[in-house]
Amino acid sequence: MKTTDFSSGDALADDRLAQTSGSFEPYDPRGGADTLGPPGGTGDTTVQIAPDTHTHATTPTPTDTTISRADCAGDRAADACGLAEDRGGAAESVNPQAAPDMHSSAITSSSADTTISRADCAGDRAADACGPHLAKGHGGVIRPDEAERLARVAIMRMAEAGDGVMGRLIARYGPVDAMKQARRGVLDLCFIRDERERAEASGRHLDLDRHAAAWAARYTDPASDLAQGRRRGARLVLPGDAEWPTQLDDLEDTRPFGLWVDGRANLRFSCLRSVSVVGARAATAYGTTVAAELAVSLGGRGWTVISGGAYGIDGAAHRGALASGTPTVVVLACGTDVCYPSAHEDLFRAVREKGVVISEWPPGAHPTRPRFLIRNRVIAALSRGTVVVQAAARSGALNTATHALGLNRHLMAVPGPITTEVSTGCHVLIRQGKAVCVTSAEEIIELVGAIGDDLAPERRGPVRPRDGLNDETRRVLEAIPARGATGPAAIAVAAGVDIGTALACLGSLAAAGFVENVDRGWRLRPSARQ
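Note that the structure is a prediction, hence the values are computed from the model and not measured. (Residues numbered from 1 in each chain as written. Predicted model: local features only at pLDDT ≥ 70, side-chain atom pairs only at ≥ 80, totals over all residues. Heavy atoms only, no water.)

In this section: the overall build of the protein. Helix and strand counts for the protein stand at 19 helices and 17 strands. Looking at the protein as a whole, 47% of its 530 residues qualify as buried. Accessible area for the protein stands at about 25200 Å²; split by element, carbon and sulfur atoms hold 51% of it. (Helix = DSSP H or I, 4+ residues; strand = E, 2+ residues; numbered from the N terminus. Buried < 20%, exposed > 50% of the residue type's maximum accessible area, 1.4 Å probe, protein only. Areas by Shrake-Rupley, 256 points an atom, 1.4 Å probe, with all protein chains shown as cover.)

Turning our eyes to something else, we now look at the packing of aromatic side chains. In this description, an aromatic ring pair is defined by two values, namely the gap between the centres and the angle between the planes. Within this structure, the stated rule accounts for 2 aromatic pairs. Seen in terms of ring centroids, Y173 and F191 are 6.2 Å apart; in terms of plane orientation they differ by 70°. Their pairing is edge-to-face. Residue Y173 is found in helix 5 (residues 164-184), and its partner F191 is found in helix 6 (residues 189-201); the two are separated by 18 residues along the sequence. Looking at Y173, the relative accessible area reads 23%, which means it is partly exposed. Taking the centre distance of 5.8 Å and the plane angle of 50° together, the rings of Y340 and F372 count as tilted. Of the two residues, Y340 is situated in the loop between strand 11 (328-331) and helix 12 (345-354) and F372 in helix 13 (residues 369-382); the sequence distance between them amounts to 32 residues. Residue classification places Y340 among the partly exposed positions, given a relative accessible area of 41%. (Phe/Tyr/Trp six-rings, centres within 6.5 Å; stacked < 30°, edge-to-face > 60°.)

The next subject is the sheet that holds strand 13 (residues 385-388). Across the sheet, which stays open at both edges, the 9 strands sit in the order 7-8-12-11-10-9-13-14-15 with mixed pairing between neighbours. Each of the sheet's edge strands pairs with one partner strand only, and the pair in question is strand 7 (235-237) and strand 15 (436-437). Contacts from helix 13 reach strand 9 (274-278), strand 10 (304-307), strand 11, strand 12 (356-359) and strand 13, with the element oriented near 155° to strand 11. Contacting strand 9, strand 13, strand 14 (410-413) and strand 15, helix 16 (residues 441-448) crosses the sheet at an angle of about 165° to strand 14. (Pairing = 2+ DSSP bridges. Contact = heavy atoms within 4.5 Å. Axes fitted to C-alpha atoms, helices over the stretch in contact; angles between N-to-C directions.)

On to the packing of helix 5 against helix 6. It is the contact of helix 5 with helix 6, at a shortest axis distance of 12 Å, that shows an interaxial angle of 135°. By the angle class used here, helix 5 and helix 6 are oblique. As for the relative orientation of helix 5 and helix 6, their crossing is right-handed in sense. Each of V165, R168, L169, R172 and Y173 in helix 5 lies in contact with helix 6, whose residues at this interface are C190, F191, D194, E195 and R198. Classifying every residue of the contact of helix 5 with helix 6 gives 5 nonpolar, no polar and 5 charged. (Parallel < 35°, antiparallel > 145°, perpendicular 65-115°, else oblique. Left-handed = near helix turned anticlockwise from the far one by under 90°. Nonpolar A, V, L, I, M, F, W, Y, C, P; charged D, E, K, R; others polar.)

Here we take up the pattern of salt bridges. If you walk through the whole model with that rule in mind, you get 24 salt bridges. With its nearest N and O atoms 2.5 Å apart, the salt bridge here joins D194 to R172. Of the two residues, D194 is situated in helix 6 and R172 in helix 5; the sequence distance between them amounts to 22 residues. Assessed through its relative accessible area of 40%, R172 is described here as partly exposed. With a closest N to O distance of 3.4 Å, R193 and D194 form a salt bridge. For R193, a relative accessible area of 46% gives the class partly exposed. Given the relative accessible area of 27%, D194 is considered partly exposed. If you follow the salt bridges from partner to partner, you end up with R168, E195, R198 and D253 in one network. (Salt bridge = Lys/Arg side-chain N within 4 Å of Asp/Glu carboxyl O.)

Pairing between strand 13 and strand 14: 4 bridges, direction parallel. Bridged to V388 within strand 14 is A413. Once the chain exits strand 14 it traverses helix 15 (residues 424-431) before rejoining the sheet at strand 15, and the crossover so formed is right-handed. (Right-handed = clockwise from strand over helix to strand, strands pointing away.)

A few words on the side chain of Q181. Along the chain, Q181 turns up in helix 5. The class of Q181 is buried, set by a relative accessible area of 3%. The contact partners of Q181, leaving out residues within four places of it in the chain, are L169, Y173, V186, L187 and D188.

Moving on: the side chain of R375. Along the polypeptide, R375 turns up in helix 13. There is a polar contact of 2.9 Å between the side chain of R375 and the backbone oxygen of V331. When near neighbours in sequence (up to four residues on either side) are disregarded, R375 contacts R281, G308, D314, V331, L332, A333, E360 and W361. (Polar contact = N/O pair within 3.5 Å; in protein donor to acceptor, adjacent residues only side chain to side chain.)

Put simply, side chains in a regular strand alternate between the two faces of the sheet. Counting buried positions over the 5 residues of strand 8 (residues 259-263) gives 5, a clear majority of the element. In this structure, strand 8 lies alongside strand 12, joined through 4 bridges in antiparallel fashion. Within strand 12, the position partnered with G263 by the bridge is V356.

Moving on to the environment of R157. Turning to its location among the elements, R157 is positioned in helix 4 (residues 146-158). Sequence separation of R157 and E360 is 203 residues, and the distance between their C-alpha atoms is 9.7 Å. Within the structure, R157 has its side chain in polar contact with the side chain of D225 (distance 2.7 Å).

Let's shift gears to helix 16. Turning to helix 16, its buried residues number three or more, namely A441, I444, I445 and V448. Looking straight down helix 16, one finds its buried side chains confined to an arc of 95°; they lie on one side. Packed against the buried residues of helix 16 are strand 9, helix 10 (285-300), strand 13 and strand 14. (Arc of directions from axis to C-beta.)

What follows concerns the state of the cysteines. All told, the structure shown has 0 disulfides when counted by the stated rule. C339 provides the cysteine sulfur closest to C334, a residue in no disulfide bond, and the two sulfurs are 8.1 Å apart. (Disulfide = S-S within 2.5 Å.)

All right, on to the environment of A479 then. Mapped onto the fold, A479 is located in helix 17 (residues 471-479). For A479, a relative accessible area of 19% corresponds to the buried category. Note: C-alpha distance between A479 and I491 (12 residues apart in sequence) is 5.6 Å. Leave out the neighbours within four places in its chain, and A479 touches I491, A494 and A495.

Below, the discussion takes up the environment of I374. Counting through the fold element by element, I374 comes out in helix 13. On the basis of relative accessible area, I374 is assigned to the partly exposed category, the value being 21%. Sequence separation between I374 and G162 is 212 residues, and the spatial gap between their C-alpha atoms is 6.5 Å. Sequence-distant contacts of I374, that is, excluding residues within four places in its chain, are made with E160, A161, G162, E360 and W361.

The following block contains the structure:
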């Protein structure tokens, strides 16, 4: 499994920041009508399709029905996002399957609304689905990511987050074709064969027919999800976007299909220097205090705290990060517009002001037990390391710890009282050598920070005045009784030195303020009795 090198993240972040505007508006599928004619409506326009292995010359036949170029653009957009439109009137809807791999090499027009053959239109749609850039007159270019964004939005509704089968389908065919196969409920035979071989090799049973049928049953219009997310103030961040945290690519087949992000902070930059703080919901006062103090100290040193927004340790960590004025990231197991737990509504509102709330699930999705475990892999992957503050022997925090180990991230645990059940999981991780015992933010940063630059100071006990005495002088000092006074001869015998050495040491101790000479001999000063 590949791992992310965070050492060069800051340099990459600066490059991305220079290319990114200060506001993040969600993608609007309704914005900007695509027209293929020149702005003035006159003159010849040539549509050039980028070279593709599927490109063939298409010759329209007399039986081909002609439609306007604007209708063709609308059909291409509909087919790209997998929607069936009832166009009505003389312009009939076209099935892109009717003319596969039919690309028109050049189309010449003499007016703004020039008619083309339906075969050419179908070929253009096929080209758009395959992904080539379509260059238009006067430098206009159809956005290459439009179909992919719509397809990924649909997939986020159809497939459950963390679905490795869907992840491999996207990696093999691309999001557009993967969405079309899933929507039909019929997968490519080669893919089915490979998945069955993979399942047999691992001893698992995989029913791809039921899998694909479940995807098809959950399909909804992706445009409605985009519109709903925009109304709720969320933006869509997809792989390849400037705000996408590239460390999530370490999840490989289970990488999120996309993320809904709600908040003012930039997700990618917030996660460059970040630590995940997780733990039990039923945390003790000791656990919540430690979590909050660690978060405050980490935030004060410029480190972002990532957690799941739950009760107990998660909530305490978020509050501590907010108190330090540093962005914090909440990873939800539901839609960003669903407040769970409901008692954290005020907390999530404050997080949106200074940090971000993110989710793999579409707007309106409600949490389930499996989704909490699924989202834990994102908490572990986003940060450089995970700290388990409190966890019982069976805990969701230990699931996050397992993901962190699998991703080669640093794993740390905070010790607790051996009589406390919610610290049992932490003690097991430390005893098994899976986690490093940490007790302060400095120790955490020493593990996840820059080598040699973020070393934690070595802890030492208090330095006392007696620590600077040599052996003979220390023995003479210890020979003086705690109460009363005694003569130098008795002190020399008790210390095991000669009388001359004893007198010399007593003079040094008197000058240092340890002893004083009285009528009955030498005695300790009150400050030396401590």
